[in-house]
Amino acid sequence: MGQNLPEKIFSAHCGREVHTGDTVIAELDLVMAHDTTGAWAIDPFREIADKVFDPERIVFPFDHAFPAPSVAMAHLQKKVRTFAKEQGIRIRTDGVCHQLLAEEYVKPSMLVLGADSHTPTSGGLGALTIGVGSTDAAVALATGKNWFRVPEVIRIVIEGEMPHGVFAKDVILHIAGMLGTEYSAYKIIEFAGPVVEQWSVPERMTLTNMCAELGAKTAIVPSDERTREYLASQGREDDWEANGPDPDAEYAETIVVDVSDLVPTVAQPHDIDQEAKVEDIEGRPVDQVFIGSCTNGRIEDLRVVRSIWEGRELNRDIRVVITPASRRVYLQALEEGLVEFFMKKGVSLTNPGCGACLGRQGGVLDDEEVCVATSNRNFPGRMGSPTAEIYLASPATAAATALRGVITDPRPYLPQAVEG
Amino acid sequence: MNWIFPDNINTDLITPGRYNQTTDPKELAKICFIEYRPEFAKQVKPGDFVVAGRNFGCGSSRETAVTSLKHTGIEAIVAKSFARIFYRNCMNQGLLLVIGDTDGITPEDELELDIDRQKLVVKTQGREIDVLLPRMMLKLRDEGGIVEYLKRHGLGALEELAKL
């Protein structure tokens, strides 16, 4: 019986061939926890072990609130720092955990456990990257393993021609609108089709990142030449290998999405399946634009923003916050003149990390304020006051909105040459 | 009593990010639903049920949401469905999650779980609801969570869990 890609990766980490429906114990290649989930993993870990399974296969990025914005966060971070030093685990302070994992750690066909719900992001490199909570992380830190149910896999085939002004973010917001927030609960989404095959790894990561919002266990794009190009761009071409499902693999369901008629899309408050066409809600006043996060804080996203702002002034009444996803992205932006360009436009450029996305620092919203954000969640209270309203959008829609101070269709402002 | 919640209750509503900066279970119990339903943490009593619609616990993986709910002393959460990470987190902490059709349950209804028969008895309405309580959920509840389980039986006992 042929295997889909998640079955193949689970099998390689279980020492036997496994199939959908099996409950298995699998060996992990990498375990990640961050400044908050890591802190909560330490007490349960100490109950069951003295030493972690392998400090070389563990990383603790501080990203949710770093540098610490409060005594409470400083306290949590000190707790993680003390533990990491004692165990020989590396702490990173230079970006969103999922971005760092993609840049430096994850290889195709790996099995990765991350104590954060957006761990599916690195599925864009052809790895199986699964999000869990802190107790699961503690078990993994102690044993290098965890238990999994090999889930049903939904295959989503993306085909058609990407229209001008439509990006990977618009595609996944459209899929979220189609399928709802629970459609793929407990299941894995495996992407395929000519559009995904053309996309770069950063675009694929925008797709896999948001599958967390569809309830999925994770999402994966098979590793191919585009994956090799991305790994080469990060200085680690040697980490590349191709992978993919067997030709006769079985899926719970195959869904075909044709993107040819798509237009710029947003998720309206207060859930990610509240799909709307930007053209239908144009003109709504906005207080803040946030460009960043593990969904859309990469160099490719910042280049799109510049292409829209070139030769234009931003609206004076709007606040614009840009948070590069990592120090590597920030340095690249510096090299390309983007940092100076953004500063001269009056943007608040913050240090790499999760930033405003989770409402702890760097752009917290007041009551009834409206924000257009390139991040992945628009729940009430996510970015601050529970009465604030968050519209999720592509970097292009966010950038166009910053020009006029109201929700704005990016298509008239995008040069024809810039492609998603 | 029963605390009734709608579909899609996310973990940001249970323990919002700005309050979510401690590992102390007692402090976390005090902030449970602090903005969404401020009376909850003050009035909830041990043995109460949380009753919800679909996709309870969606969103962020933050386990404080589970710690916070568990340490209010609630008996169980009954919902039409649960989000994946939240479900695992509750199993790991030994907080009972019950999947069943919750339509028609009121705050005043007297509920009783019949675990052997996999039924939720709504005594005040004289009816029973079929529920799903997997063996691993019950085992880890009886053991007091996965940490207590591994402490008692050794790390090698992880393999046994997959055989349940």
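The rules we used
- Numbering of residues begins from 1 in every chain and follows the order in which that chain's sequence is written.
- Numbering of ligands from 1 and lettering of chains from A proceed in the order in which they are written.
- Local features in a predicted model are, by the rule used here, given only for residues with pLDDT of at least 70; side-chain atom pairs are given and counted only at 80 or more, and totals for whole chains, interfaces and linings are based on all residues.
- As a rule here, side-chain values cover all heavy atoms of the structure and leave hydrogens and water aside.
- Here a strand is any run of E in DSSP of at least two residues, a helix any run of H or I of at least four, and the numbering for each starts at the N terminus.
- In this description, contact between two residues means that some pair of their heavy atoms is separated by no more than 4.5 Å.
- Accessible area that two parts lose when put together, evaluated with a 1.4 Å probe and summed over both, is termed the buried area.
- Salt bridge, as used here, is a side-chain nitrogen of Lys or Arg placed within 4 Å of a carboxyl oxygen of Asp or Glu.
- What qualifies as a polar contact is a pair of N or O atoms within 3.5 Å, subject to a donor-acceptor requirement within protein and to the restriction that residues adjacent in sequence count only when both atoms come from side chains.
- By the convention adopted, Pro, Cys, Tyr, Trp, Phe, Met, Ile, Leu, Val and Ala count as nonpolar, Lys, Arg, Asp and Glu as charged, and the other residues, Gly among them, as polar.
- Think of it in three bands: residues with accessible area under 20% of the maximum for their type are buried, residues over 50% are exposed, and the middle band is partly exposed, with areas taken using a 1.4 Å probe on protein chains only.

## Quick look at unusual backbone geometry
Residues and elements named next belong to chain A. Cis peptide bonds are those with omega within 30 degrees of zero, and the linkage from F66 to P67 qualifies with -10°. Looking at the element boundaries, P67 is found in the loop between β3 (58–61) and α3 (71–87). Look at the link from P269 to H270: it is a cis peptide, with omega at 0°. For H270, the position within the fold is in the loop between β12 (265–267) and β13 (275–277).

## So, the interface of chain B and chain A
Across the contact, 40 residues belong to chain B and 48 residues belong to chain A. A combined buried area of about 3800 Å² lies between chain B and chain A, and 57% of that area is made up of carbon and sulfur atoms. Connecting chain B to chain A are five salt bridges. E159 of chain B is the partner of K145 of chain A in a salt bridge, and the nearest nitrogen-oxygen pair spans 3.2 Å. Inspection of the chain B/chain A interface yields 21 residue pairs in polar contact (both at pLDDT 80 or more). Secondary-structure elements contributing two or more residues to the side of chain B that touches chain A are α1 (11–14), α5 (84–93), α7 (146–153) and α8 (158–162) of chain B. Of the residues that constitute the side of chain B that touches chain A, the class distribution is 13 nonpolar, 16 polar and eleven charged.

## Examining the pattern of salt bridges
Tallying each qualifying case throughout the model produces 41 salt bridges over all chains. Here E340 of chain A ties to K344 of chain A by a salt bridge, and the two come within 2.5 Å at their closest N and O atoms. Taken as a pair, E340 of chain A and K344 of chain A lie in helix α14 (residues 338–344) at a separation of four residues, close to a single helical turn. Here E110 of chain B and K123 of chain B are joined by a salt bridge, their closest N and O atoms 3.7 Å apart. Highlighted residues: E110 of chain B in the loop between β4 (97–100) and β5 (111–114) and K123 of chain B in the loop between β6 (119–122) and β7 (127–132), separated in sequence by 13 residues. Of the residues examined, E110 of chain B reaches a relative accessible area of 44% and is grouped as partly exposed. A residue is classified by how much of its surface remains accessible, and K123 of chain B, at 40% relative accessible area, is partly exposed. A single salt-bridge network, built from bridges that share partners, covers R92, D94, E104 and R328 of chain A.

Any functional reading would require information beyond the geometric quantities listed.
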